[in-house]
Amino acid sequence: MAAPRGEFTSRFGFLMAASGSAVGLGNIWGFPTNAASNGGAAFLFTYLILAFALAYPALMAELIIGRYARANAVTALRTISSGNKTRLAALLVGFTGIVTVSFILSFYGIVSGWMIAFFFDPIARLLGASQLSAWLTADAVMRNSLFVVLFMLLTIYIISAGVKEGIEKWASRLMPSLIVILLLLIVYVLTLPGAMDGLRAYLIPDFSLIADPSLLVDAMGQAFFSLSLGVGTMLIYGSYISSKENLPTIGSLVALLDVGIAVLAGMLILPAMYVALANGVEIYDDAGGLIAGPGLIVSVLPSLFTTMGAIGVFVAIAFFALMTIASLTSSISMLEVPVAYAVEHHGLERRRAAILIGSIITVISLIIVFNFDPLFDLVVTVTTEVSQPLLGFAFCIFAAWIWQRSEVLEEIKQGCPEVESGIFWKIWPFYVKFICPVAILVVYFQ
Ligand code: PFF
């Protein structure tokens, strides 16, 4: 007999888990640097509109489908389909989601491994182990391999423990810590010389850029990646929510937390970059733009921390703890997608499934580490720029065009009996049916 399905035991637990999935490197690294290179607050403004007008409806589609079907992505999409063709499409979309999220995890794990290495670096320096420190911060195949394995072991460990004892327990510990560390770092960095220039670069809009198509494309990609959409993570987390919960409300809380933390992260990263500039660290690349890629995290910020003297060691530890926590609460949501499928569809025991699938993904990560130049960017582009938006599009089609509207309504009504008379039901069905799919395709083909 199949093991009983897990369920989040409280609204707080779900909120921490789902916002933990959403809040990741995309918020703390991706959002601020995207904002900096796309007109500061002009990007922020566009992002807020897109996050609530497009990403939130798509997030709701996943949560509602998940809770209705109480199953992994493949089974859930098949449950809401009728007819052989749509059931086949459901299989295809669900399975593509599983493969996509596994590949996202394979590159995310590598970057998260760097975060752990940089977390240990200031500790090594504190202990006077300068050789170890040099090894931890030098980009080398050996270091990258070891730390991606370590990061994946942590992810597998949490997922093996299940929904309540693994995901919920760890997200409920880690997410509050993340928020506290982030706030402390912001307060500290804002007191340093140069910080206000960074805040200005972030918050003063350059509206001449707002009509620029690349701003729209970046803002939408950022919103979809940030809310972990299209690959079944939110669907599977939705499948563990109690029927008593009010889905539109908790969905909007997740979106608010995600956007709120991204906006806050901007108040850390950009001021920190300008503090670095004031301390003599180079923050512009050859083309004159702000350094935004890996160089920002593994070079600009560590250089800033070293210029800060003794306190810089603790700031560095706090910053890389923040990055590691953000990564881990996201990576567990990624691994949960294929693991739930293997458990429910193939009857594998959870621990075994987590170890088996986690190991396969680790091997993929190692292949990327050993062939970094040809593979890394390719995997990032194919998964996040091609696959994720198309899958987001497909989820909207399933929720609005394939699934029966009366069933959707019944599902939402379970925890929100008055939904029919509220604003959500007046807007959302129209949005997922017309606006979201068209907007996703338009932006995609840009
Ligand atoms: N939302 C995460 C971030 O912003 O870093 C990334 C992510 C998590 C993408 C989970 C996809 C996913 F399924």
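Below: a short report on this structure. Everything numeric here is computed off the predicted structure, so don't read it as measured data.

Observations concerning the site of the ligand
Then step 1. Neighbouring residues of the ligand: 16 residues in total, closest A22, G26, Y108, F225 and S226.
Then step 2. A distance of 3.2 Å is found between a nitrogen atom of the ligand and a backbone nitrogen or oxygen belonging to S21.
Then step 3. One of the side-chain N or O atoms of N27 is found 3.2 Å from an oxygen atom in the ligand.
Then step 4. Burial of the ligand by the protein amounts to 100% of the accessible area it has alone, namely 340 Å².
Then step 5. At the level of secondary structure, the elements contributing two or more residues to the shell around the ligand comprise α1 (11–22), α2 (25–37), α5 (84–126), α10 (213–226) and α14 (310–346).
Then step 6. Tallied by class, residues from the shell around the ligand come to seven nonpolar, nine polar and no charged.

Section: the packing of α2 against α14
Then step 1. Interaxial distance between α2 and α14 falls to 8 Å at its minimum, and their mutual angle equals 115°. The segment α2 lies against α14, with L25, I28 and W29 engaging L322, M323, A326 and S327.
Then step 2. A per-class count over the contact of α2 with α14 returns six nonpolar, one polar and no charged.

Points about the packing of aromatic side chains
Then step 1. Taken as a whole and assessed by the stated rule, the structure comprises 26 aromatic pairs.
Then step 2. Between Y56 and F424 the ring centres are 6.4 Å apart and the planes differ by 75°, which places this aromatic pair in the edge-to-face class. One end of the pair, Y56, is in helix α3 (residues 41–69); the other, F424, is in helix α18 (residues 423–445), and 368 residues separate them in sequence. The burial state of Y56 is the same as that of F424; both residues are buried.
Then step 3. Members of the aromatic cluster, each reached through a chain of ring pairs, are F8, F14, Y237 and Y240.

Brief notes about the pattern of salt bridges
Then step 1. Counted according to the given criterion, the structure contains ten salt bridges.
Then step 2. The salt bridge partner of E245 is R11, with a shortest N-O separation of 3.0 Å. Placement of E245 in the loop between α11 (233–238) and α12 (247–278) and of R11 in helix α1 is noted, with a sequence separation of 234 residues between them.
Then step 3. Ionic pairing is found between K413 and E420, a salt bridge with its closest N-O pair at 3.1 Å.
Then step 4. Since its relative accessible area comes to 25%, K413 is described here as partly exposed.

Rules used throughout
Residues numbered from 1 in each chain as written. Predicted model: local features only at pLDDT ≥ 70, side-chain atom pairs only at ≥ 80, totals over all residues. Heavy atoms only, no water. Near = heavy atom within 4 Å. Polar contact = N/O pair within 3.5 Å; in protein donor to acceptor, adjacent residues only side chain to side chain. Areas by Shrake-Rupley, 256 points an atom, 1.4 Å probe, with all protein chains shown as cover. Helix = DSSP H or I, 4+ residues; strand = E, 2+ residues; numbered from the N terminus. Nonpolar A, V, L, I, M, F, W, Y, C, P; charged D, E, K, R; others polar. Axes fitted to C-alpha atoms, helices over the stretch in contact; angles between N-to-C directions. Contact = heavy atoms within 4.5 Å. Phe/Tyr/Trp six-rings, centres within 6.5 Å; stacked < 30°, edge-to-face > 60°. Buried < 20%, exposed > 50% of the residue type's maximum accessible area, 1.4 Å probe, protein only. Salt bridge = Lys/Arg side-chain N within 4 Å of Asp/Glu carboxyl O.

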